[in-house]
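Tertiary structure, described
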Amino acid sequence: MSRKTSLILGLLFSLGLQIDILAEAPTPGERMVTDFHHRLLTVPVEWSSPERGTFELYYEINSDFKPAVPTIFICNDGQQPFFAAGRADRIKTKWVIAEINIAVMEHRGMPASFIKSVYNERGEVDWEKAYTAFSSANVIRDIDAVRQDLLGQEGHIWLEGESGGGILALQY
């Protein structure tokens, strides 16, 4: 490992980021393997302008998901790396609550929920499109789309969030 890599990893560790999760990150735009517990949901890039295209939003649920028990939805912002497969199970194990479900959504634009349309033909970020695509209003609609996909129109979720995830939970 180079000195520069060591410094970067040390900095990430000191900031509290989980290196094991970063190591498991897919390549941006890589399609995640899906099954009942690991899902892709097609949502608009801009909920207020669906004609601007769609992308696949990755979310997952714990492996012993039971529709009859409460579901806690973990809200996270783009700085919180929740994209590693198995994250819902790891959270549930840490919380040691048997009769609860965990749902975790990867924030839009992260590797498995990559939004190609915010880049121009030269591969550079189109900041106007990015500003709109990554707005909290769109993320709130994503949360609700996951809720409906998972639990139906009338389904209920409990929200948990820290930092920017807490702000999203309040906005929801």
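Counting from 1, residues in each chain are numbered in the order their sequence is written. Totals for whole chains, interfaces and linings use every residue, but because this is a predicted model, local features are given only for residues with pLDDT of at least 70 and side-chain atom pairs only at 80 or more, for both listing and counting. Working from all heavy atoms in the structure, the side-chain values ignore hydrogens and water.

1. Remarks on the side chain of E60
Stated precisely, the cut-off is as follows: Strands are runs of DSSP state E lasting at least 2 residues, helices are runs of H or I lasting at least 4, and numbering of each runs from the N terminus. Categorising residues by exposure relies on relative accessible area from a 1.4 Å probe, with only protein chains included: less than 20% of the type maximum marks a residue as buried, more than 50% marks it as exposed, and the intermediate range marks it as partly exposed. The charged-residue count follows a simple rule in which Lys and Arg add positive charge and Asp and Glu add negative charge, with His and chain termini not counted at all. When a carboxyl oxygen of Asp or Glu is within 4 Å of a side-chain nitrogen of Lys or Arg, the pair counts as a salt bridge. Definition of a polar contact: a pair of N or O atoms within 3.5 Å, with one able to donate and the other able to accept a hydrogen when the atoms are protein atoms, and with sequence-neighbouring residues admitted only if both atoms are side-chain atoms.
Tracing the sequence through the fold places E60 in strand β2 (residues 54-61). The buried charged residue E60 lacks any salt bridge partner; its closest oppositely charged side chain belongs to R90, at an N-O distance of 6.4 Å. In this structure the side chain of E60 is engaged in a polar contact, spanning 2.8 Å, whose partner is the side chain of Y58. Within polar-contact distance, the side chain of E60 engages the backbone nitrogen of R87 at 2.7 Å.

2. Looking at the pairing of strand β4 (residues 101-105)
The condition is simple: Only when DSSP finds a minimum of two bridges between them are two strands counted as paired.
Most of β4 sits out of view: 5 of its 5 residues are buried. The alternating pattern of β4 places N101, A103 and M105 on one face and I102 and V104 on the opposite face, and all of these are buried. The sheet contact formed by β2 and β4 spans 3 bridges and is antiparallel. Bridge pairing in β4 links Y59 to M105. Sheet topology places strand β3 (residues 71-75) next to β4; 4 bridges connect them, and they run parallel. If you follow F73 over to β4, its bridge partner there is A103.

3. Observations concerning the confidence of the model for the protein chain
As a reminder of what qualifies: In predicted models, pLDDT denotes the confidence assigned by the predictor to each residue on a 0 to 100 scale. Pairs of residues are marked as contacts when any of their non-hydrogen atoms sit within 4.5 Å.
Put simply, the protein chain has an average pLDDT of 81, and 78% of its residues get 70 or more. At the low end of the mean pLDDT range in the protein chain sits helix α1 (residues 3-14), at 40; at the high end sits helix α5 (residues 136-151), at 96. Confidence drops under pLDDT 50 across residues 1-23; counting only partners more than four residues distant or on other chains, this segment forms 18 contacts.

4. As for α5
Rule in force here: One less than the residue count of a helix, multiplied by 1.5 Å, gives the span that helix is expected to have.
Its 16 residues place the ends of α5 22 Å apart at the C-alpha level, agreeing with the 22 Å of an ideal helix rising 1.5 Å per residue. Along α5, the residues classified as buried are N138, V139, I140, D142, I143, A145, V146, R147 and L150. Among the residues trailing α5, G152 stands out with phi positive, at a value near 90°.

5. Section: the sheet that holds β2
Short version of the rule: To get an axis, a line is fitted to the C-alpha atoms, and for a helix only the part in contact is used. The angle between two axes follows their N-to-C directions and goes from 0 to 180 degrees.
Across the sheet, 5 strands lie side by side as β1-β2-β4-β3-β5; this open sheet has mixed pairing. A strand with exactly one partner marks an edge of an open sheet, and here the two such strands are β1 (38-44) and β5 (158-161). Pairs of neighbouring strands in the sheet enclose a mean axial angle of 30°, with direction left out of account. Where β3 meets β5, 4 bridges bridge the pair, whose relative direction is parallel. Residue pairing across strands places C75 opposite G161, the latter belonging to β5.

6. Comments concerning the pattern of salt bridges
Pairing is possible between side chains that carry opposite charge, provided their charged atoms lie close to one another. The tally for this structure, following the rule as stated, stands at 8 salt bridges. Close ionic contact of E124 with R122 constitutes a salt bridge, the shortest N to O distance being 2.9 Å. The class for R122 is exposed, based on a relative accessible area of 57%. The shortest N-O distance in the salt bridge between R147 and D144 comes to 2.8 Å. Here the residue R147 and the residue D144 both occupy positions in helix α5, the gap between them amounting to 3 residues, near one helical turn. The exposure class of R147 is buried, given its relative accessible area of 9%. Three or more residues are tied together by salt bridges with common partners; here these are E121, R122 and E124.

7. Digging into the packing of aromatic side chains
For clarity, the threshold we go by: Side-chain rings of Phe, Tyr and Trp (the six-membered ring for Trp) are treated as a pair once their centres are within 6.5 Å; stacked means planes under 30 degrees apart, edge-to-face means over 60, and tilted covers the remaining angles. Two conditions define a charge located above a ring, namely a distance within 6 Å from the ring centre to NZ of Lys or CZ of Arg, and an angle within 35 degrees of the ring normal.
Tallied over the entire structure, the rule returns 2 aromatic pairs. With a centroid separation of 6.5 Å and an interplanar angle of 65°, the aromatic rings of F36 and F65 are classed as edge-to-face. With F36 in the loop between α2 (19-23) and β1 and F65 in the loop between β2 and β3, this pair connects stretches of sequence that are 29 residues apart. For F65, a relative accessible area of 11% puts it in the buried group. Pairing F114 with Y119 gives two aromatic rings, centres 5.6 Å apart and planes at 20°, and the pair type is stacked. Across the ring face of F36, the terminal group of R39 is positioned such that the distance to the ring centre comes to 4.5 Å.

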